[in-house]
Amino acid sequence: MAEKSFKYIILGGGVSAGYAAKEFANQGVKPGELAVISKEAVAPYERPALSKGYLFPEGAARLPGFHCCVGSGGEKLLPESYKQKGIELILSTEIVKADLAAKSLVSAAGDVFKYQTLIIATGSTVLRLTDFGVKGADSKNILYLREIDDADKLVEAIKAKKDGKAVVVGGGYIGLELSAALRINNFDVTMVFPEPWCMPRLFTADIAAFYETYYTNKGVKIIKGTVAAGFTAHSNGEVKEVQLKDGRSLEADIVIVGVGAKPLTSLFKGQVEEDKGGIKTDAFFKTSVPDVYAVGDVATFPLKMYGDVRRVEHVDHSRKSAEQAVKAIKAAEGSGSVEEYDYLPFFYSRSFDLSWQFYGDNVGDSVLFGDSNPSNPKPRFGAYWVQGGKVVGAFMEGGSGDENKDLAKVAKARPAAASLDELIKQGISFAAKI
Ligand code: FDA
Ligand code: NAD
């Protein structure tokens, strides 16, 4: 079994890993100092593409087109770019054991990797219906989406079951983006989720009503208030029917499940402090263990502007936290200083011809502004969240680049709002005045 030593190891090969590698390269690393270890077979890429462009029936996005860091307009690190920058990219290598005290990692093949500084960037994995003991949930063509291998299986299934029936289980990000992708591929799509409206962790009932009607107009059927309680399969093992808890059953050639994700922290259990389901860090993404940092989906970090600690499962934070950690590592070596992470939460999604952005916090009262008629060819509407008389969150569907910048400004500034009615009347111009 081989043993290799590096000054820095980034464990994980996703979005944070790509942005951390880019930042190391910007700050300067000597050949052989840095390794990126990933269980995926490809160099870090912009994960959001998998539920969007990757699934287009025509002109689909494919690697190397969306390697990090194109998502933020940065340099694209192709597999060969790592070598050129002296970074060792160790792919198809799953780490199965981590000993933080001994500063060593062991791969499934038994190889040992020693480090001086470790960045944990293992991200999240999907929650599986088999984990909840749902009967028949291991049938073929019940699919999940996290990594490029999953996306390839989905593309295969879309081809194999052309114009077939799809059931999408879950009404969150994956549920909404995948229902649209399957509908665009001419599948007969039914979405099923337990809550009274879609995307309840962000959307208000008013916002959700727009998307549900828009999706229904596009031919997506929506079943709320129930869950998938079991599946039956054909004799070849492929899924045939989804049984719902409310007694209904739905035929299905493909089932896509998006019922949430969990951060991959199990390698470090008992070795590092945790909080809110993630690895606890400070404002520089340092964990409780010296020389160990955690970034992206796995990090529970201080959200300075809200005086709170949070874990964020979105791409903007995974990029920025990775850059922050590398800056902090380099600063600690004496090449400058770095400010505390002062993050403004930013989430977005795209599906069909729709595109929304959200900045800030979705707490307090909420008001809708603009034209939220789903039948209009170019819907353009937004929402503000107001807490303690201040605007704390801002959302817009169909906003222009400048309008989206205004959303960010208003959510950061948290100005006082005279009244909810005034916000409705002023709409996006309220944010534009900040
Ligand atoms: P990420 O999951 O990107 O990377 C983790 C990496 O670690 C993977 O390569 C994994 O294989 C590897 N790994 C894990 N354990 C390992 C081990 N033991 N050994 C070796 N390697 C290991 N967000 C957003 O804001 N807008 C969007 O539109 C989308 N769209 C979107 C689509 C899809 C399909 C998904 C799944 C997710 C999104 N997201 C998103 C969320 C966003 O992609 C996510 O928050 C970031 O990818 C998180 O980055 P990380 O680097 O933390 O994890
Ligand atoms: P999610 O948390 O957004 O949504 C999970 C949904 O699952 C819930 O809203 C609920 O409707 C549903 N649910 C829970 N239990 C269920 C059950 N038993 N049956 C049916 N439905 C059930 O999680 P997700 O959509 O699976 O996304 C996974 C991860 O990927 C998250 O980290 C998410 O942030 C990320 N992601 C983000 C984006 C984006 O930001 N645009 C896009 C895709 C994925």
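Keep in mind that this is a model prediction, so the values were computed, not measured. (Residues numbered from 1 in each chain as written. Chains lettered and ligands numbered in written order. Predicted model: local features only at pLDDT ≥ 70, side-chain atom pairs only at ≥ 80, totals over all residues. Heavy atoms only, no water.)

What follows covers the site of ligand 1. Taken together, 33 residues form the shell around ligand 1, and within it E40, R47, K52, E147 and D297 come nearest. V15 places a main-chain nitrogen or oxygen 3.1 Å from an oxygen atom of ligand 1. Here an oxygen atom of ligand 1 sits 2.8 Å away from a polar atom, N or O, in the side chain of R146. Look at ligand 1: alone it shows 990 Å² of surface, and the protein chains cover 95% of it. Of all the secondary structure elements, the ones that give two or more residues to the shell around ligand 1 are α1 (15–27) and α6 (315–335). Within the shell around ligand 1, the residues separate by chemical class into 12 nonpolar, 12 polar and nine charged. (Near = heavy atom within 4 Å. Polar contact = N/O pair within 3.5 Å; in protein donor to acceptor, adjacent residues only side chain to side chain. Areas by Shrake-Rupley, 256 points an atom, 1.4 Å probe, with all protein chains shown as cover. Helix = DSSP H or I, 4+ residues; strand = E, 2+ residues; numbered from the N terminus. Nonpolar A, V, L, I, M, F, W, Y, C, P; charged D, E, K, R; others polar.)

Let's shift gears to the UniProt feature "domain: FAD/NAD(P)-binding" (unreviewed entry) in the protein. When the UniProt feature table is mapped onto this chain, "domain: FAD/NAD(P)-binding" (unreviewed entry) is found at residues 6–322. Counting secondary structure, residues 6–322 comes out at 21% helix and 29% strand; the distance between its end C-alpha atoms is 18 Å. (UniProt positions renumbered as here; feature names shortened; annotations may be inferred.)

It is worth spelling out the packing of aromatic side chains at this point. Centre-to-centre distance and the angle between the planes together describe a pair of aromatic rings. Applying the stated rule across the entire model yields 26 aromatic pairs. Ring geometry for F285 versus Y341: centroids 4.7 Å apart, planes at 80°, classification edge-to-face. Of this pair, F285 sits in the loop between β18 (278–280) and β19 (292–294) while Y341 sits in the loop between α6 and β22 (346–351), placing them 56 residues apart in sequence. On the basis of relative accessible area, Y341 is assigned to the buried category, the value being 6%. With 5.5 Å between their ring centres and 75° between their planes, F301 and Y341 make a pair best called edge-to-face. Of this pair, F301 sits in strand β20 (residues 299–303) while Y341 sits in the loop between α6 and β22, and the two are 40 residues apart along the sequence. In this structure F301 comes out as buried when scored by relative accessible area, which is 0%. Ring pairing ties together the aromatic residues Y173, F203, F210, Y211, Y214, Y215, F352, W356, F381 and F395, which thus form one cluster. Stacked on the ring of Y144, the Lys or Arg R128 has its end atom at 4.5 Å from the ring centre. (Phe/Tyr/Trp six-rings, centres within 6.5 Å; stacked < 30°, edge-to-face > 60°. Buried < 20%, exposed > 50% of the residue type's maximum accessible area, 1.4 Å probe, protein only. Lys NZ or Arg CZ within 6 Å of the ring centre and 35° of its normal.)

Near ligand 2 there are 22 residues, and of these I174, E195, G260, E313 and Y348 occur at the shortest range. E177 is positioned such that a nitrogen or oxygen atom in its side chain is 2.8 Å from a nitrogen atom of ligand 2. For ligand 2, whose unbound accessible area comes to 840 Å², protein coverage reaches 83%. Only α4 (173–184) and β22 provide two or more residues apiece to the shell around ligand 2. Here the shell around ligand 2 gets three residues from one element, more than from any other, and that element is α4. Residues belonging to the shell around ligand 2 are distributed by class as follows: 10 nonpolar, seven polar and five charged.

Right, let's talk about unusual backbone geometry for a bit. Going from L63 to P64, the amide bond is cis rather than trans, its omega being 15°. Within the secondary structure, P64 is located in the loop between β2 (34–37) and α2 (79–84). With omega at 15°, the peptide bond leading from C68 into C69 counts as cis. Position of C69 among the secondary structure elements: in the loop between β2 and α2. Here the phi dihedral of S92 falls at roughly 50°; this positive angle occurs in a residue that is not glycine. Phi at F285 takes a positive value of approximately 65°, unusual for a residue other than glycine. By relative accessible area, F285 is classed as buried at 0%.

Moving on to the environment of G389. Structurally, the position occupied by G389 is in the loop between β25 (380–387) and β26 (390–397). When the C-alpha positions of G389 and K327 are compared, they lie 37 Å apart, and in sequence the two are 62 residues distant. Setting aside residues no more than four positions away along its own chain, G389 makes contact with P415, A416 and A417. (Contact = heavy atoms within 4.5 Å.)

Under the local residue numbering, the UniProt record ascribes the feature "domain: Monodehydroascorbate reductase 3-like C-terminal" (unreviewed entry) to residues 344–431. Annotated as 27% helix and 41% strand, the span residues 344–431 places its first and last C-alpha atoms 16 Å apart.

Another point: the side chain of R47. Secondary-structure assignment places R47 in the loop between β2 and α2. The class for R47 is buried, based on a relative accessible area of 15%. Separated by 2.8 Å, the side chain of R47 and the backbone oxygen of R146 make a polar contact. R47 has contacts with G14, V15, E40, R146 and E147, leaving out every residue within four places of it along the chain.

For the structure shown, the criterion picks out 30 salt bridges. The closest approach of N and O atoms between D297 and R146, which form a salt bridge, is 3.3 Å. Pair noted here: D297 is in the loop between β19 and β20 and R146 is in the loop between β8 (142–143) and α3 (148–160), with a separation of 151 residues, a long-range link. A relative accessible area of 10% places D297 in the buried class. Because the salt bridges share partners, they merge into one network encompassing K7, E33, K330 and E333. (Salt bridge = Lys/Arg side-chain N within 4 Å of Asp/Glu carboxyl O.)

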